[in-house]
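# An overview of the molecular structure
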Amino acid sequence: MKKIKIFFIQLSLVKKIILLVVILAFGYLIISKLFLNKNSKVTYQTEKVTKGNLIITVSGSGTVASTNSSNITTEATGVVKTISVKDGDIVKTGDKIAELELDLEGQQKSSQAWASYQSAKNSLQTAKDNLYSTQADLFTKWQDHFDLATSSKYENSDKTPNASQRQTQTEYLISEDNWLSSEAKYKAQQKTIEQAQLSLNSTWYSYQQASPIIYAPISGTVSGLSLQIGSVINSQSSSNTSATTNKIANIKTDALPTLSINLTEIDVPKVTIGDKATITFDAFSDKTYTGKVISIDTVGSVSSGVTNYPTVILLDTKSNAILPNMGISANIITNTKDDVLLVSSSAVKTDDSNNNYIQILKNGKPVNQNVEIGLSSDSQTEITSGLSEGEIVITSTSQTTTNTSTQTQSVFGGFGGRSGGGGMGGNVRIQDH
């Protein structure tokens, strides 16, 4: 019995040894696949040093401004009776666009506007009539003063003014004051006429807005006309005033379109009036337009802690496809330099001493080369010394790891896969005894 017990103890020990060997074998295989069978390879992206033109820009986004168009509006309400124009027609200021048959509300507004116009017209005529009386009084007072000033009492024998008499005699001073007072009244009446004329113009424009006839506010080309004969125009309260306005159409002038973009506080000092710009539109990004900077708002505005400076660009050409409020992207050219050595900006590096250097390939290995740089754009940098045209420089470095297909020797004397010469195979099975 004792021998049988020893036998079973020895058998259990063998099983433990076999299990430990199997675990070590699998661990070795896993470590080999993860670490031992991988090779690391370094690759370099390179380019040649070239000569070319360096263009430095700052960018911004914005929209097309509507400074070359105006809305045709009316405060009249009623039914459209006639339409005198169509989309694409060229009109002049004051031309008839359409005519309405006014409803009751429209008739009331039109009558009030006409009454205001007539009142302003009468005020202007009254101001003109009063000018005649002030002018007559001015001429009378001036003549009286002239006669007194040229009399022998106030004029020397040689026709020169007698200053001592003119400065001390009350009679002369009163005459002079009467003349100057009448002259001041005459000038004031002239101002009154100018003001009355402005009031008349204003009331006329108000009447035009309320009248049954809709007029063109400016000269240009009609677009977006939405009226149809028989259409009803109702009053719509404006968000800015108590007046009621209705948009009828647009009139676009021949002026070149303007674009408004926002520049950052970093970019705005680089831009000056007259700088050229290239522009792309979100609606047709395959086309590029040109323009120039005509205005920079140096006061700027702050929104959510970000400061922007509105900048206006005038396009060099116009196009019917360009519409107000279209989204745009612009690159403003702030500097250019011709026939200089250029490399990609990614190739330029800086060491701990703040010296610029570029890595070049020599015998397949990177070598640091000190350089001096000039101007830089977003993608290219000017090299002023340290390199020659045609040299190969490193723009980026990448490291790749690849697996190798090597055979791994089994801890049992065989090789990976099917073993020979009586060795154990790749699969190990433990049997209980």
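Residues take numbers from 1 onward in each chain, read along the sequence in its written order. pLDDT decides what is reported in this predicted model: residues at 70 or higher carry local features, side-chain atom pairs at 80 or more are listed and counted, and totals for whole chains, interfaces and linings draw on all residues regardless. Heavy atoms from the whole structure form the basis of all side-chain values; hydrogens and water molecules are not counted.

On to the overall build of the chain. Looking only at helices and strands, one finds 4 helices and 22 strands in the chain. Each residue's exposure class comes from its accessible area (1.4 Å probe, protein chains only) as a fraction of the maximum for that residue type: buried when under 20%, exposed when over 50%, partly exposed otherwise. Here the chain holds 433 residues, and the buried ones make up 27% of them. Working rule for contacts: check all heavy atoms of both residues, and any pair within 4.5 Å makes them a contact. Of the contacts formed within the chain by residues at least 6 apart in sequence, a portion of 74% connects residues at least 24 apart. Each helix is a run of DSSP H or I of at least 4 residues and each strand a run of E of at least 2, with the numbering of both proceeding from the N terminus.

What follows deals with the nonpolar core. Working definition of a nonpolar core: buried Ala, Val, Leu, Ile, Met, Phe, Trp, Tyr and Cys residues. They are joined through side-chain atoms within 4.5 Å. Core analysis: the largest hydrophobic core is formed by 21 residues, its most contacted members being Leu259, Ile279, Phe281, Ile313, Ile328 and Ile332. Counting residues per element, the ones that place at least two in this core are β2 (50–64), β11 (258–264), β12 (276–281), β13 (288–296), β15 (306–315) and β16 (327–344). Those residues in contact with Ile328, other than ones at most four positions away along the chain, are Gly60, Ser61, Gly62, Thr63, Val64, Leu259, Ile261, Ile279, Thr280, Phe281 and Asp282. Formed by 18 residues, the second largest nonpolar core is a distinct cluster that contains Val85, Leu102, Val222 and Ala249.

Turning next to the sheet that holds strand β9 (residues 232–233). With antiparallel pairing, 4 strands are arranged side by side in an open sheet as β7-β6-β4-β9. Of all strands in the sheet, those bounded by a partner on one side alone are β7 (213–215) and β9. At least two bridges found by DSSP between two strands is the condition for calling them paired. Where strand β4 (residues 78–83) and strand β6 (residues 96–102) come together, 5 bridges link them in antiparallel fashion. Each residue of the ladder has a partner; that of Val79, found in β6, is Glu101.

It is worth spelling out the confidence of the model for the chain at this point. pLDDT measures the predictor's confidence residue by residue and takes values from 0 up to 100. Looking at the chain as a whole, the pLDDT averages 83, with 84% of positions reaching at least 70. Here helix α1 (residues 2–36) stands out as the least confident element of the chain, with mean pLDDT 62; β4 is the most confident, with 95. Within the model, the stretch residues 238–242 combines pLDDT values under 50 with 2 contacts to residues more than four positions away or in other chains. Taken together, the stretch residues 405–433 has pLDDT below 50 and engages in 28 contacts with residues farther than four places along the chain or on a different chain.

Judged from the 13 bridges that link them, β2 and β16 form a sheet pairing that is antiparallel. Looking at the pairing, Gly60 lines up with Ala330 of β16. Taken together, the 4 bridges between β2 and β11 define a ladder with antiparallel strand orientation. Along β11, the bridge assignment pairs Gly62 with Ile261.

What follows covers the packing of helix α2 (residues 104–149) against helix α4 (residues 170–210). Relative placement of two packed helices is described by the angle separating their axes and the distance separating the axes. In this analysis an axis means a line fitted to C-alpha atoms, helices contributing only their contacting stretch, and an angle means the value between N-to-C directions, from 0 to 180 degrees. Two elements in contact, α2 and α4, have axes whose closest approach is 7 Å; the angle formed by their N-to-C orientations is 165°. When the interaxial angle is binned, α2 and α4 end up roughly antiparallel. In terms of crossing hand, the pair formed by α2 and α4 is left-handed. Ten residue types, Ala, Val, Leu, Ile, Met, Phe, Trp, Tyr, Cys and Pro, are classed as nonpolar, four, Asp, Glu, Lys and Arg, as charged, and the remainder, Gly among them, as polar. Considering only residue class, the contact of α2 with α4 consists of 20 nonpolar, 18 polar and 10 charged. Should an angle fall under 35 degrees it is taken as roughly parallel, and over 145 as roughly antiparallel, whereas 65 to 115 is taken as roughly perpendicular and any remaining angle as oblique. Working rule for handedness: look at the near helix, and if it is turned counterclockwise from the far one by less than a right angle, call the crossing left-handed; if clockwise, right-handed.

What follows concerns α4. The end-to-end C-alpha separation of α4 is 59 Å, in line with the 60 Å expected for 41 residues at 1.5 Å each. Looking at α4, one finds that the buried residues are Tyr172, Ser175, Ser182, Tyr186, Gln189, Ile193, Ala196, Leu200, Thr203, Tyr207, Gln208 and Ala210. Here a helix's expected span is defined as the number of its residues, less one, multiplied by 1.5 Å.

The salt bridge definition used is simple: a Lys or Arg side-chain nitrogen within 4 Å of an Asp or Glu carboxyl oxygen. For the structure on display, the rule yields 9 salt bridges. Of the charged contacts in the structure, one is a salt bridge between Asp89 and Lys86, with a shortest N-O distance of 3.3 Å. Of the charged contacts in the structure, one is a salt bridge between Lys337 and Glu382, with a shortest N-O distance of 3.2 Å. Placement of the pair is Lys337 in strand β16 and Glu382 in strand β21 (residues 380–385), with a sequence separation of 45 residues. Accessibility expressed as a relative area gives 34% for Lys337, which makes it partly exposed. A residue is classified by how much of its surface remains accessible, and Glu382, at 5% relative accessible area, is buried. Where salt bridges share partners, they join Lys81, Lys96 and Glu99 into one cluster.

A separate point is the sheet that holds strand β3 (residues 69–74). Sheet strands line up and pair through hydrogen bonds in the backbone, either parallel or antiparallel. Strand order in this open sheet of 4 strands is β3-β10-β8-β5, and the pairing throughout is antiparallel. Either end of the sheet is taken by a strand with one partner, and the two such strands are β3 and β5 (90–91).

We call Phe, Tyr and Trp rings a pair once their centres come within 6.5 Å, taking the six-membered ring for Trp, and we label the pair stacked below 30 degrees between planes, edge-to-face above 60, and tilted otherwise. Tallied over the entire structure, the rule returns 9 aromatic pairs. Ring geometry for Tyr154 and Tyr172: centres 5.2 Å apart, planes at 35°, overall tilted. Of this pair, Tyr154 sits in the loop between α2 and α3 (163–168) while Tyr172 sits in helix α4, placing them 18 residues apart in sequence. Tyr172 gets classed as buried once you look at its relative accessible area, which sits at 6%. For the ring pair Phe281 and Tyr289, a centre distance of 5.2 Å and an interplane angle of 80° mean the geometry is edge-to-face. For the pair formed by Phe281 and Tyr289, the shared burial category is buried. Members of the aromatic cluster, each reached through a chain of ring pairs, are Trp114, Tyr117, Trp204 and Tyr207.

Inspection of the secondary structure puts Asp103 in the loop between β6 and α2. It is 8.7 Å that separates the C-alpha atoms of Asp103 and Ala76, two residues lying 27 residues apart in sequence. Discounting residues that sit within four places of it in the chain, Asp103 has contacts with Thr77 and Gly78. N or O atoms within 3.5 Å of each other form a polar contact, as long as, within protein, one can give a hydrogen and the other can take it, and as long as residues adjacent in sequence are counted only when both atoms are side-chain atoms. A distance of 2.7 Å separates polar atoms of two side chains, one belonging to Asp103 and the other to Thr77.

Right, let's talk about a nonpolar patch on the surface for a bit. Note that patches include only residues with greater than 30% relative accessible area and no salt bridge, and the join distances are 9 Å for like charges and 5 Å for nonpolar side chains (Val, Leu, Ile, Met, Phe, Trp, Tyr). Here the Shrake-Rupley method, with its probe set to 1.4 Å, supplies the accessible areas, and only the displayed protein chains count as covering residues. Among the surface-exposed residues, Trp114, Trp204 and Tyr205 lie close enough to one another that they form a single nonpolar patch of about 330 Å² accessible area. Inspection of the secondary structure assignment puts Tyr205 in helix α4.

We now examine the side chain of Asn246. One can find Asn246 in strand β10 (residues 246–252). Among the polar contacts made by the side chain of Asn246, one reaches the main-chain carbonyl oxygen of Asn234 at a distance of 3.1 Å.

Let us now look at unusual backbone geometry. If you check the backbone angles, Asp339 has positive phi at about 55° while not being a glycine. Tracing the backbone shows Asp339 in strand β16. Positive phi outside glycine occurs at Asn354, with the angle close to 65°. Within the element layout of this structure, Asn354 appears in the loop between β17 (349–350) and β18 (356–362).

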